[in-house]
Structure formats: C-alpha cells, structure tokens
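# Structural description and commentary
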Amino acid sequence: MKVKNIFNKVLVGSVLVASAFTTSCVNDLDTTPIDDRIEVSDNVYKDADNYIKVLGKVYGNLALSGQKGPAGDGDIQGIDEGHGQYLRGLFYATEYPTDEANNCWQNEYDLSFGYTTLSYAASNTYVSALYSRIFLGISYANEFLRETTDEKLSARGLSADAAFVSQVKQYRAEARFLRALSYWHAIDLFGNIPFVTEADPVGSFNPPQKKKAEVFQFIVDELLEVTDGSGDEKLLEQAPYGTAGKYAGYMLLSKLYLNKNVYTFDYDNSSTIPDRYPSGTAADYTEAAKYAKLVIDNGGYSLNADYTANFRADNHLSDEIIFSIPCDGRSTQSWGAMTFILSGSLWTDWSGLETNYGTSGAWGGHRTTEEFASKFAATDSRALFNRELMRPENDDIFDFKSGVGIVKYKNLTTDGTIGSDKSFPDIDFPMFRLSDAMLMYAEAVKRGGTGDLTVATGYINDIRQRSGQGDIGANWAIEDVIDERARELYWECHRRTDLIRFGLLTSSEYVWPYKGNSETGTSVRSYKNLFPIPADEIGANPTLEQNPGY
C-alpha cells in the first residue's frame, strides 16, 4: 500500500534545514542570505539523518510556499506567499492562456495578470514569481548536490557506512531529476535561460544565458544518466510514493523528445517566434515512443476503472499516477498548490460545498467555457462540470458565473470521506499519469516514430472506453490526439505545451473566448509562445537577452 504521510512528514521536517539555502534572488542563483553559510551547512550535513530532510526541501519546493505555511514566511519575496508557490504559478502559466481555463479576478490581477488574454508583459509580477520559484528549485538541487559529493561525505566522517553512501547516491539521482524537471519548465516557458549547476561557484556572479537547445540536451543527458546510465547515481525502479523513480524519468524524456522541435528551435532577440514550429524528425518521435512504452510496459501502472479516483483526497492510492506533488491538509498547508486549484474553481453559491467537494473554501476564480465543455460527449465520465447558477455566454470575464464550472478535483476520498482539513485539501497533484504516456506513445507513432500503430490505437481506445466512449476507429488523425488529451488531461498543466506543439496557442487556426482579449477569441502575436524574461532579471544580469517581442 502507498503511504502518503511518510513523505509529507519528510517535507515538513525539511523546512527546519531550509536556512542553508537561498530564499529569493534569481539573478544571483546561489547566493545565501547569511554570512556563516559554511558553518550552517556543516551543522546540517554532519548528521546522516538530515540528508533525507534536506532532499525533502528540494521536493518541497513544488508543494510548499514558505518556511511555515500557509503564510508569514514565504520563500519568494515581493509577492503574496500563496501567489509565489510553484504549482500555483505553473497552473497560471499553463492553463489560463489556453482554452481550458480563464479567471475572473479583476482588482490587482488585471484580467488574470494578462494570462487569460495572452497579454503578459516583462513587468508582470506573477511571471517573475514563477521564474523565481523555478530557479529557486534549481538552486536547492544544486546546493544539495554540492554538499553530497564523496569528498564531502569523507570529510565529515560519513563515508565508512556503505549503505548510507549508497542511499545518498540515490538521493543525488532524485535531486538531479528534480533539477531536470525545473529546467524543463524553464525552457518550456521562457526559452533561453540562465544556467547554473553544482559545478559553478557559490557567490555573486551573473549566470550565463544558454540557448534552450543546449539546456534541452543537458536535461536529456541528466535523465539518461539517472535512469539507464553507467554511473551509480540511479533513480529507483520502484520509488516510494511521492518521490521520483525511473519511470518519472522516462516520462520526462518522452515529453522532451515529443516537443524536441519546439525546444531546439534556435532564436535570438531579433528572431521571429513562429506560430507553428518546424516538424520534428522520425528519430525524435521514435525516442518519445520508446520511453512512453517503457513506462506502459514495465512500470506496473494501470488505468483506474474510475477516472475520478485520480483526483480525490486519497489519490495516493491510485495505480495510475507515476509522479505527483504530494499535498496534505495538515502538513503542507499553502494558499497555493491544490488549495488554490480546488478552492479557486468553486463558487460560494453552489450547493453543498463541503458535502460535494470536501472543502469550506470557494474563491470563484477559474472556470472554463461552454466551447471547451462541448468537446465532451454527454456520456463522457470525464466531463466533470458544474453549471449550477452558471450561464453559457462568455459575456463577462469578471463574472465567475459566465462560463462552466470545473469540479475535477475534490477533497473527498473515493468513499466520500472529507479530507483531513476542510481548508487545505489532501489531493495530490498528478503531474505524470499512465494515460498521458499512452497518448504520448500514440501521438509519437502517428507522427512517424517507430512503433505499432495498432497498439497505439488500442491505447486511445482503452482510455476512451474507461470514460464510457466508443472506439476511435482505425483511421484517426493526429488532430484527434490533442482533443483526446484535452478531455483526459485538462487542468493537469499540459495544455499550453500541447497547443504550442500543434501550432494552436497563438495562431488564428484555433481561437477561444478571451484569447487575444476578444470575447469570441482572436489570434495573438506568435512571440507569446514564450513568456518574457522578467524585467528585473534583465536589469540585474547584463548577460541576459530578452525574448523576441518584449
């Protein structure tokens, strides 16, 4: 049985050693805000029991917002603690600019801070917060890797314990995966980025900006080493729940190869970012299919009979989730993460909030449109919508009731029990799921990668049959994949990347309400396929060049 609370306890304990790390300042990626950093590090790392706690802080960057939670001592300065949380920022950036979600908050957020209308700018505080949070995670991982070398263990008298040394090498593999994950988010969202590893000196310096193609290759090389490489730093075949194992590495490799044509597109600040990137090669899609198939065949995962079980308060028991961000109502309290995703999707006037959704929080923030909801057949069990008091017309961006509510996530277990806290849900965020691997395999093979198209078709049918839908048929088109991904994976932070890969995020080929600040939707300039490097980072680091168009 998967035990969720064990890892959550590690996350909480990790906060105690957080002072050994940087807390903000991205342009100076590895500066520590205390003078006695070496002494603090030695005090932390001389105790073998602390290594798992420090690794927990590296993981915790995905779920936590600060040193205490839910507010009062945030990791990111200059913004409300909840708004500076990693998953919340990721949801803003990957869902709001798409057809899957829009936000009605107006006050200081200014049309969802430009995300909903794809009008974000380099001065946007929320873009800057996500950028900072991503690089904070990279910084945490770099520091852990610096402090866990064989030389450091030997100097602390810890190298005689062979079992401990072996454990630390596994921890290092996990830290390298987490750094790779954050670097993936960085190139996916921002393109050419500053680049630092544990080999770079600690102190005040300007990290050089690397082409996203270079960072892409670094990520791939790292993942290959920690999954199938010849070294002794390896991700576990079957990792404890909430931690990264080999199949999480394979999932990320599949995603990288599937989007390689986007990530290796060369540009500088005078280039034109296209609406549709040049097609990838058959070799790229073969690699994407290969790693997806390894997950499907060897990972031991299976589709839940009940789709909704992946999004409940006990979804840590799901056999479908490959890698998650663990959230717990008692030990990972935050106004970001799943608290934000769940509470932001609910309306105070809906019936039975606690009974139906297991929460007392209803912020009336994000919902979807009738156009997106129309992608689902009435019999599709994935159509988790609420139209109570809502109206289908998209005639007022500032009115939550203008649209369709999404109730995909619930702070209720599969037997209907409310989670441990009504304000902070127990729902883990499912970053990688088996159905995603199955759809990636199908798409990669359809795009020309080596594989079995009949098997690929079977995977799509397995997913459709689970939701009560008929088979797709043998003559399906590549466009069918992105529609199936929308129905299967909405609000799981995949949509922006998918739309870019299909050439649909900015183009006139596909529009939706509020795209381009139009009630019916319109195209936007293609440079919006990338977010801007925050203006304060450009000002602080003269080696950085701004993305085209900004």
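## Observations concerning the environment of Thr379
Structurally, the position occupied by Thr379 is in the loop between helix H15 (370–373) and strand E6 (385–386). Thr379 sits in the exposed class, given a relative accessible area of 58%. Once residues within four sequence positions are removed from consideration, Thr379 is found in contact with Ser467, Gly468 and Gln469. At a separation of 3.2 Å, a polar atom in the side chain of Thr379 contacts the side chain of Gln469.

## Section: the state of the cysteines
Taken as a whole, this structure holds 0 disulfides when the rule is applied. Here Cys104 is not cross-linked by a disulfide; its sulfur's nearest cysteine counterpart is in Cys493, at 19 Å. Just so you know, Cys327 is unpaired, no disulfide at all, and the nearest cysteine sulfur is the one on Cys493, 12 Å from it.

## Quick look at the pattern of salt bridges
Per the stated rule, a full pass over the model turns up 46 salt bridges. For Asp232, the salt bridge identified is with Lys169, shortest N-O distance 3.6 Å. In this pair, Asp232 sits in the loop between helix H9 (212–228) and helix H10 (246–258) while Lys169 sits in helix H8 (residues 162–190), placing the two residues 63 residues apart along the sequence. On the accessibility criterion, Lys169 (13% relative accessible area) is buried. Its salt-bridge partner being Asp436, residue Arg485 comes within 2.9 Å of it at the nearest N-O pair. A residue pair is termed long-range when its members are at least 10 positions apart, and Arg485 in helix H18 (residues 478–489) and Asp436 in helix H16 (residues 434–446) qualify at 49 residues. Exposure remark for Asp436: the relative accessible area of 0% places this residue in the buried category. Through salt bridges that share partners, Glu320, Asp380, Arg382, Lys408, Arg433, Arg464, Arg466, Glu484, Arg487, Glu488 and Glu492 make up one connected network.

## Thoughts on unusual backbone geometry
The omega angle of the peptide bond from Gly69 to Pro70 is 0°, so this bond is cis rather than trans. Relative to the helices and strands, Pro70 is located in the loop between helix H3 (51–60) and helix H4 (86–95). A positive phi angle, close to 50°, is found at Ala337, a residue other than glycine. Along the chain, Ala337 falls in helix H13 (residues 337–343). The class of Ala337 is buried, set by a relative accessible area of 3%. Of note in this structure, Tyr514 is not a glycine but carries a positive phi near 80°. Within the secondary structure, Tyr514 is located in the loop between helix H19 (495–501) and helix H20 (535–540).

Parameters at a glance
- Residues numbered from 1 in each chain as written.
- Predicted model: local features only at pLDDT ≥ 70, side-chain atom pairs only at ≥ 80, totals over all residues.
- Heavy atoms only, no water.
- Helix = DSSP H or I, 4+ residues; strand = E, 2+ residues; numbered from the N terminus.
- Buried < 20%, exposed > 50% of the residue type's maximum accessible area, 1.4 Å probe, protein only.
- Contact = heavy atoms within 4.5 Å.
- Polar contact = N/O pair within 3.5 Å; in protein donor to acceptor, adjacent residues only side chain to side chain.
- Disulfide = S-S within 2.5 Å.
- Salt bridge = Lys/Arg side-chain N within 4 Å of Asp/Glu carboxyl O.

None of this, on its own, says anything about what the molecule does.
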